[in-house]
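# A closer look at the structure
The chain contents come next:
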Amino acid sequence: MASGRARGFATGRALRPSAKILPEHARGHNRSLVLQTLYRAGRQSRADIARSTGLTRVTISDLVSELMSEGLVIETGFSEDVRPGKPSTLLDIDRSAFQIIGIDLSDYAEFRGALLDLGGNIQSRAELSLAGSTGADATAKVVALVETLIGRVTAPVLGVGVGSPGIVDREGVVLSAPNLGWEDEPLRRILSERFNLPVLVANDANAAVLAEHSFGGADQDLMLVRVGHGVGAGLLLGGSLLFGSRFAAGEIGHVVVGTGDGTPCACGKSGCLETWLAAPRLDARLAASGASGRHEILGDAGRHLGLALAPVVGALNLSEVVLSGPAHLLDGALAEAAIDTLRNRTMAQIHGDLRLRMTTLGEDIVMRGAAVMVLSGQLGVS
Ligand SMILES: [Zn+2]
């Protein structure tokens, strides 16, 4: 599988993956169906699970015994149905049975990490100042941060999820993260060998869009734009992450918006989306203009975001755009100008219900997304 894995979609080159599930994979598939039903719906009886999965009562009973012996599923009491016969036992996932380590490497000043339960709730936090570390020093700090969190675990660890800046391939190799001085850094392998745990590594915006989908109430067709030191985005289509031909789907920061007569950018071009939107640039412009220019500066940034996003929203028929980053910059004139521009530049008939909003997950979005990667990779739930 690994050698033949095509770049891009998870299923390789097959646009329509075979629907046939081999017998040896059926049990794992059914197990994930049961877990996903309990994860999303909460307390359910065996009969409820059978109804919503379409599996037989015998299969459900068998899988539930297995999951209970592993401590993943527990009985939580009886249903209050007033139907005749004895009340049925309710089951749920024991969200405290395991812990997940979620790591966010996207801040340029510090690495942040957390211990999370299976419900994605943060139980303990740790930070490590980056202090300009790059290359092997930066990698050593990631290892140290994971080590700190492992020292605090109170339940078995399901896995480690990492959201990294830059371009990350499907094997968890950071192909390029200039701010951290990483090139072809095999972060997943280094961490899994060091800690002997399942490790998943993805781009920070990709982790963030997964968090928004699992915990932020987002749709299946969504673009999450992260604004910080730079600008990046994660794209979810039909509930699946889009990776692109070189794993750089969503890297819109250095797309020139307009006719290229804007401010020079670090990449050598002028008028890149980052020059309009990156937080340090906006803060500097606001500081220079004083309160009077605030609305115009943020509105201008929002219009350029709308200009950059309109063709993407149009081409992919997205239903939702979510912004993640400093609320004092994004929430208000900037978001309003962006949605106005998007509405003016897309067809009302097919994009009339398009929403643009701030994430509700705040600064924890990448750590919680890293946890979703582990939940989905290890249990098949999200
Ligand atoms: Zn640029």
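All values derive from a computational prediction rather than experimental measurement.

## A closer look at the pairing of strand S15 (residues 320-324)
Across the five residues that make up S15, a large majority, five, are buried. Neither face of S15 is exposed, since Glu-320, Val-322 and Ser-324 on one face and Val-321 and Leu-323 on the opposite face are all buried. As paired strands, strand S12 (residues 222-227) and S15 are joined by five bridges and run parallel to one another. Opposite Leu-222, over in S15, you have Glu-320 as the bridge partner. Pairing analysis gives four bridges linking S15 to strand S16 (residues 355-358), with the strands arranged parallel. From the neighbouring strand, Val-321 faces S16, where its bridge partner is Leu-356.

## Overview of unusual backbone geometry
Backbone geometry at Ala-131 places phi at a positive 45 degrees, although glycine is not the residue there. The topology assignment puts Ala-131 in the loop between strand S6 (122-129) and helix H4 (135-150). With relative accessibility at 65%, the residue Ala-131 sits in the exposed group. Here Phe-247, not a glycine, exhibits a phi torsion of approximately 65 degrees, which is positive. Note on placement: Phe-247 falls in the loop between strand S14 (240-241) and helix H7 (273-277).

## Describing the coordination of the zinc ion
The zinc ion binds to the protein through His-254 (ND1), Cys-265 (SG), Cys-267 (SG) and Cys-272 (SG), with metal-donor distances spanning 2.1 to 2.3 Å. When the donor residues of the zinc ion are listed from N- to C-terminus, their spacing reads H-x10-C-x1-C-x4-C. Of the two residues, His-254 sits in the loop between S14 and H7 while Cys-265 sits in the loop between S14 and H7, which places them eleven residues apart along the sequence. Overall, the relative accessible area of 34% leaves His-254 in the partly exposed class.

## As for the nonpolar core
Counting 48 residues, the largest nonpolar core has Val-34, Leu-35, Leu-118, Leu-158, Leu-375 and Leu-379 as its most contacted members. Elements with a contribution of two residues or more to this core: helix H1 (23-41), helix H2 (46-53), helix H3 (57-69), strand S3 (89-93), strand S5 (110-116), helix H6 (204-215), S12 and helix H13 (365-379). Element by element, the count of residues in this core is highest for H13, at nine residues. If you look at the next biggest cluster of nonpolar residues, it comprises 37 residues, including Ile-252, Ala-279, Leu-282 and Ala-301.

## Points about the packing of helix H9 (residues 294-316) against helix H11 (residues 333-345)
In the contact formed by H9 and H11, the axes pass within 7 Å of each other and the chain directions differ by 35 degrees. Handedness of the crossing formed by H9 with H11: right-handed. In contact with His-295, Leu-298, Gly-299, Ala-301, Gly-302, Arg-303, Leu-305, Gly-306, Leu-307, Leu-309, Ala-310 and Val-313 of H9, H11 contributes Ala-333, Leu-334, Ala-337, Ala-338, Thr-341, Leu-342 and Arg-345. In terms of residue class, the contact of H9 with H11 is made up of twelve nonpolar, five polar and two charged.

## A look at the packing of aromatic side chains
According to the stated counting rule, one finds zero aromatic pairs in the structure shown. It is Arg-194 that lies over the ring of Phe-195; its NZ or CZ is 5.0 Å from the centre. The ring of Phe-215 has Arg-368 lying over it, and the distance from NZ or CZ to the ring centre is 4.6 Å.

## Some words on H9
With 23 residues, H9 extends 33 Å between its outermost C-alpha atoms, agreeing within 8% with the 33 Å of an ideal straight helix rising 1.5 Å per residue. Those residues of H9 not exposed but buried are Ile-297, Leu-298, Gly-299, Ala-301, Gly-302, His-304, Leu-305, Gly-306, Ala-308, Leu-309, Ala-310 and Val-313. One or two steps after H9, the chain reaches Asn-317, where phi turns positive at roughly 50 degrees.

Procedures and definitions
- Residues numbered from 1 in each chain as written.
- Predicted model: local features only at pLDDT ≥ 70, side-chain atom pairs only at ≥ 80, totals over all residues.
- Heavy atoms only, no water.
- Buried < 20%, exposed > 50% of the residue type's maximum accessible area, 1.4 Å probe, protein only.
- Helix = DSSP H or I, 4+ residues; strand = E, 2+ residues; numbered from the N terminus.
- Pairing = 2+ DSSP bridges.
- Donors = N, O, S within 2.8 Å, 3.2 Å for Na, K, Ca; no water.
- Core = buried A, V, L, I, M, F, W, Y, C linked by side-chain atoms within 4.5 Å.
- Axes fitted to C-alpha atoms, helices over the stretch in contact; angles between N-to-C directions.
- Left-handed = near helix turned anticlockwise from the far one by under 90°.
- Contact = heavy atoms within 4.5 Å.
- Nonpolar A, V, L, I, M, F, W, Y, C, P; charged D, E, K, R; others polar.
- Phe/Tyr/Trp six-rings, centres within 6.5 Å; stacked < 30°, edge-to-face > 60°.
- Lys NZ or Arg CZ within 6 Å of the ring centre and 35° of its normal.
- Expected span 1.5 Å × (residues − 1).

Distances and angles like these do not, on their own, reveal function.
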